[in-house]
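Residues per chain are reported as follows:
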Amino acid sequence: MTEASPWRVLITGPIDGRDEWLEAAARAGWEAHEAPLLERVPLSWELACETRPAWIALTSSGALEALADLARVEPTWKDVPVATVGERTAERIRALGFEVQLVAEGRNAQDLARALIECEPAGPVLWLRGERALDLGDLLREGGVAVEERVVYATRPASAVALQPVDVVFFASPSAVAVWQELATGTVPGALAMGWTTLEALQEAERAFSFALPLITPEPVSLTVALDAIAASS
């Protein structure tokens, strides 16, 4: 990598907090470009739980708005402990007045499910999720935990996306990979995935990438580390 011709990375997500990821790329000395592939659409939903759940679970910051709505309708919902993935999401949940009692160390649905199963919930887990998320509910039920699922948001392809020629594309979700497959033309660059489900989508994509690697953790600092390693190995 030279100052005259830096490496280029395209940051396609996440929907929230993309600036942190752009800054992380810049810290690695890369020329960072932004191309949000997805936008979030809140969905109307009804609670209709027969009993108060033992836990509330979130696997995405996309469900935070629904969690805030829940507290506005009935403030006592803040007494229900919350389980989530990622310390950033946990901080935002706490800012809403909820008590986060469980943050999955591995920062993915599999680790969150394992931790919740070990807690042996005395009642159902209320999972506020996006329309494409299925894994946490399936894993909890396999572990003998009752689950109440509410689909509170959807993701849609963003309009007027401008893709630039780059060396690496960073993806934050499998949905973004699907949108890229429809839009991208020409040479296929390398890819970095925020998490394992996104990596699986990259590996199964019809248009193969020159390489596809996961971040160590779904945090901006891991993007800096990954880009440093790519530059050093080339």
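These numbers come from a predicted model, not from an experiment. For every chain, the first residue of the written sequence is number 1, and numbering continues from 1 along that sequence. Confidence filtering applies because this is a predicted model: local features only for residues at pLDDT of at least 70, side-chain atom pairs given and counted only at 80 or more, and all residues used for totals across whole chains, interfaces and linings. The side-chain values count all of the structure's non-hydrogen atoms but skip hydrogen atoms and water molecules.

Draft legend 1. Main features of the pairing of strand 7 (residues 125-130). Buried residues are those whose accessible area, probed at 1.4 Å on protein chains only, stays under 20% of the maximum for their type, while exposed residues exceed 50% and partly exposed ones sit between those limits. Working definition: helices are DSSP H or I runs of at least four residues, strands are E runs of at least two. Numbering for both runs from the N terminus. Most of strand 7 is tucked away: 6 of the 6 residues are buried. In this scheme, strands are said to pair when DSSP sees at least two bridges between them. Here strand 4 (residues 55-58) runs beside strand 7; their pairing, made up of 4 bridges, is parallel. When the bridges of strand 7 are listed, Leu58 appears paired with Leu128. Across 6 bridges, the pairing between strand 7 and strand 8 (residues 147-157) is parallel. The residue of strand 8 that forms the bridge with Gly130 is Tyr153.

Draft legend 2. Quick look at the environment of Glu87. You can see Glu87 is positioned in helix 3 (residues 87-95). The exposure class of Glu87 is partly exposed, given its relative accessible area of 32%. Residues Glu87 and Ser210, spaced 123 residues apart in sequence, show a C-alpha to C-alpha distance of 32 Å. The criterion used for residue contact is that any of the two residues' heavy atoms lie within 4.5 Å. Other than its neighbours up to four places away in sequence, Glu87 contacts Arg94, Val103 and Glu219.

Draft legend 3. Local environment of unusual backbone geometry. Of note, the bond from Gly13 into Pro14 is cis; its omega dihedral lies within 30 degrees of zero at 5°. For Pro14, the position within the fold is in the loop between strand 1 (8-11) and helix 1 (18-27). The phi dihedral of Glu120 is positive, around 50°, even though this residue is not glycine. Tracing the backbone through its elements, the reader meets Glu120 in the loop between helix 4 (109-119) and strand 7.

Draft legend 4. Layout of helix 2 (residues 64-73). If you check which residues of helix 2 are buried, you get Leu64, Ala66, Leu67, Ala68, Leu70 and Ala71. Taken together, the buried residues of helix 2 touch strand 4, helix 3, strand 7 and strand 8.

Draft legend 5. Here's a closer look at the sheet that holds strand 9 (residues 168-171). The strand order across the open sheet built from 5 strands is 2-1-9-10-11, with neighbouring strands paired in parallel fashion. With partners counted over all chains shown, the strands left at the sheet margins are strand 2 (31-34) and strand 11 (212-214), one partner each. With strand direction ignored, the average angle separating the axes of adjacent strands in the sheet is 25°. Two strands pair when backbone bridges link them, and strand 9 and strand 10 (residues 190-193) are joined in this way by 4 bridges, in the parallel orientation. The partner of Val169 across the bridge, within strand 10, is Ala191. Its contacts with the sheet place helix 1 against strand 1, strand 2 and strand 9, and it is angled at close to 160° to strand 2. Structural elements are reduced to axes, namely lines fitted to C-alpha atoms, with helices fitted over the stretch in contact, and the angle between N-to-C directions of any two is expressed from 0 to 180 degrees.

Draft legend 6. Here's a closer look at the packing of aromatic side chains. Only centres within 6.5 Å qualify two rings of Phe, Tyr or Trp (six-membered ring in Trp) as a pair; their planes then separate them into stacked at under 30 degrees, edge-to-face at over 60, and tilted for everything else. Tallied over the full model, the rule gives 4 aromatic pairs. Seen in terms of ring centroids, Phe171 and Trp180 are 5.8 Å apart; in terms of plane orientation they differ by 85°. Their pairing is edge-to-face. By relative accessible area, Phe171 is classed as buried at 0%. Summarising the aromatic geometry, the rings of Phe171 and Phe209 are spaced 5.7 Å apart at their centres and angled 75° between planes, so their arrangement reads as edge-to-face. On the criterion of sequence distance, the pair formed by Phe171 in strand 9 and Phe209 in the loop between helix 7 (196-204) and strand 11 is long-range, its members being 38 residues apart. Note on geometry: a ring has a charge over it if NZ (lysine) or CZ (arginine) is within 6 Å of the ring centre and within 35 degrees of the ring normal. Residue placement shows Arg40 over the ring face of Tyr153; its charged tip is 5.5 Å from the ring centre.

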